[in-house]
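Notes for the structure review
These are the residues of each chain, in order.
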Amino acid sequence: MANKRRIKIIGTGFYVPDQILTNADLEKMVDTTDEWIVSRSGIRERRIASAEQATSDLCLEAARRALKNSHLSVKDIDLILVSNNTPDTLFPATACWVQQGLQADHVPAFDVVAGCTGFLYGMIVAESLILSGTARRVLLIGGETLSKITNWKDRNTCVLFGDGAGAAILEESKDDSGMLSFYWKADGSLANLLLMPAGGTRNPASLQTVAENLHYLHMKGNEVFKHAVKRMGEAAEEALKRAGLTKDDIDIFIPHQANIRIIDAVGERLKIPKEKVFVNIDRYGNVSVACIPIAIHELRQQKKIKPGTIIVLDAFGAGFTWASVVYRW
Ligand code: COA
């Protein structure tokens, strides 16, 4: 392991919209209660983008903050990757809208779409590109405006999601800190359990697709739940094995923030003490690909990450996709 080349995060930032939607607000919109939402999901409030804000607007702000945090300018970046499931437009990629906003016309830009696992898939893609010499410094952003594809009349889904974006700047590490290992997988046979059914070429937009609410997120919640617990456990175990580490080496576990019961179940399966498990789902809900970069930045702000801290990142999402990254700060 000693001489293994690896990438590291040199700056982070995040942005969430100002508008807060509480469980009390949702009680006025659908047949639900604060008690049900908190006990079944752990969520108390979430952020909602304004009518004018698209995903790239949130990403842009997160990117500016990450650049500032790493004392870099746009000129220091040579690739933009954006993971999201709520693009500004089906094409071009949201990464190109972000590039336009940053005036970074010297760099290539593309999206990495992998459900809620997109940020970790993005880190893995960035690692390859950096270590192969294709890119020197990558701006990786995970951003969503899930509120725009949420059916606000469906209590099964509308209480769960929120909007936000997080960004990280990645480059090759010069010491033994950085990404130690990863594990990633997908199972497309389960794609129908979590999807936006219309608006693509399988089911193009029509008056009928709009009338049937097919442009909203659809999910078989309890099926997703079972797979998430199993696969996130598997991913973290495999990634740890590949890093030559054990569960006891984990200082901080950052799981995808989809449901506190999923987080608790994965933590229990891995036997990770609760105080090592990061949770902010109460404040933001499930912000999909933005969960992990927001978590990393919040932990840095709280000074909970120090040189040498071993962090395990773990995510699961539509596809299904799942992945884990073991990281030494
Ligand atoms: N308020 C009150 N009741 C609600 C409700 C709400 N917001 N949403 C659902 N219910 C009801 C259901 O209608 C159902 O009622 P019924 O028994 O009369 O039919 C009951 O609560 C239980 O529903 P169920 O789906 O079995 O609940 P659950 O314990 O599985 O929790 C989820 C539902 C969606 C919170 C949970 O399954 C989940 O989090 N799944 C994973 C979602 C996820 O992570 N998605 C993204 C992956 S990246």
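Nothing here was measured: the structure is a model prediction, and the numbers come from that model. (Residues numbered from 1 in each chain as written. Predicted model: local features only at pLDDT ≥ 70, side-chain atom pairs only at ≥ 80, totals over all residues. Heavy atoms only, no water.)

In terms of regular secondary structure, the protein is built from 11 helices and 13 strands. C-alpha extents for the protein along the principal axes are approximately 55 × 45 × 35 Å. Residue burial in the protein is summarised as follows: out of 329 residues, 56% are buried. Counting only contacts in the protein whose residues sit at least 6 apart along the sequence, the fraction spanning at least 24 positions is 77%. As presented, the protein carries roughly 14500 Å² of accessible surface, and 52% of it is formed by carbon and sulfur atoms. Put simply, the protein has 39 plus and 38 minus side-chain charges, and the middle of one group is 4 Å from the middle of the other. (Helix = DSSP H or I, 4+ residues; strand = E, 2+ residues; numbered from the N terminus. Buried < 20%, exposed > 50% of the residue type's maximum accessible area, 1.4 Å probe, protein only. Contact = heavy atoms within 4.5 Å. Areas by Shrake-Rupley, 256 points an atom, 1.4 Å probe, with all protein chains shown as cover. Lys, Arg positive; Asp, Glu negative; His and termini not counted. Charge placed at Lys NZ, Arg CZ, Asp CG, Glu CD.)

Another point: the site of the ligand. For the ligand, the set of nearby residues contains 23 residues, the closest of which are Thr32, Arg40, Arg155, Gly221 and Asn259. Between the ligand and Asn222, the relevant distance is 3.5 Å, taken from an oxygen atom to a side-chain nitrogen or oxygen of the residue. One of the side-chain nitrogen or oxygen atoms of Arg261 is found 3.0 Å away from an oxygen atom of the ligand. Compared with its free state, where it exposes 960 Å², the ligand has 74% of that area covered by protein. Counting residues per element, the ones that place at least two in the shell around the ligand are helix H2 (34-41), helix H6 (155-158), helix H8 (221-243), helix H9 (260-270) and strand S12 (310-317). (Near = heavy atom within 4 Å. Polar contact = N/O pair within 3.5 Å; in protein donor to acceptor, adjacent residues only side chain to side chain.)

Let us now look at the nonpolar core. If you look at the biggest cluster of nonpolar residues, it comprises 44 residues, and the most contacted ones within it are Phe253, Ile262, Val266, Val312, Phe316, Phe320 and Val326. In terms of residues, this core owes the most to one element, H8, which gives nine residues. Each of domain 1 (7-175) and domain 2 (179-328) gives at least three residues to this core. If near-sequence neighbours (up to four positions away) are discounted, Phe320 is found in contact with Lys185, Ala186, Asp187, Leu190, Leu193, Leu194, Val224 and His227. In this structure, Leu79, Ile130, Ala135 and Met179 belong to the second largest nonpolar core, which totals 36 residues. (Core = buried A, V, L, I, M, F, W, Y, C linked by side-chain atoms within 4.5 Å. Domains from an automatic or database assignment.)

Spatially, S8-S13-S12-S11 is the arrangement adopted by the four strands of the open sheet, whose pairing is mixed. The open sheet has two free edges, formed respectively by strand S8 (178-186) and strand S11 (252-255), since each of these has just one partner strand. Here the average twist between neighbouring strands, direction ignored, is 10°. Taken together, the four bridges between S11 and S12 define a ladder with parallel strand orientation. Bridge pairing in S12 places Pro255 opposite Asp314. Contacts from helix H5 (residues 118-131) reach S8, S12 and strand S13 (321-328), with the element oriented near 120° to S8. (Pairing = 2+ DSSP bridges. Axes fitted to C-alpha atoms, helices over the stretch in contact; angles between N-to-C directions.)

All right, on to the environment of Phe110 then. Tracing the backbone through its elements, the reader meets Phe110 in strand S5 (residues 109-112). In this view, Phe110 contacts Leu79, Ile80, Leu81, Val82, Ala93, Ala95, Val125 and Leu129; residues no more than four positions away in its chain are not counted.

Another aspect to go through is helix H4 (residues 94-102). When we look at burial in H4, the residues that qualify are Thr94, Ala95, Val98, Gln99 and Leu102. In a view along the axis of H4, the buried residues occupy a sector of 145°, so they form one face of it. In this structure, the buried side of H4 is in contact with helix H3 (55-69), strand S4 (79-83), S5 and strand S6 (137-145). Once H4 finishes, Gln103 follows within two positions and takes phi at roughly 55°, a positive value. (Arc of directions from axis to C-beta.)

Two aromatic rings, taken as a pair, are described by how far apart their centres are and by the angle between their planes. Under the counting rule described, the total for this entry stands at six aromatic pairs. Taken together, a centroid distance of 4.9 Å and an interplanar angle of 65° make the contact between Tyr121 and Trp184 edge-to-face. Separated by 63 residues along the polypeptide, Tyr121 in helix H5 and Trp184 in strand S8 bring together distant segments of the chain. Ring-pair connections join several aromatic residues into one group, and the members of that group are Tyr121, Phe182 and Trp184. (Phe/Tyr/Trp six-rings, centres within 6.5 Å; stacked < 30°, edge-to-face > 60°.)

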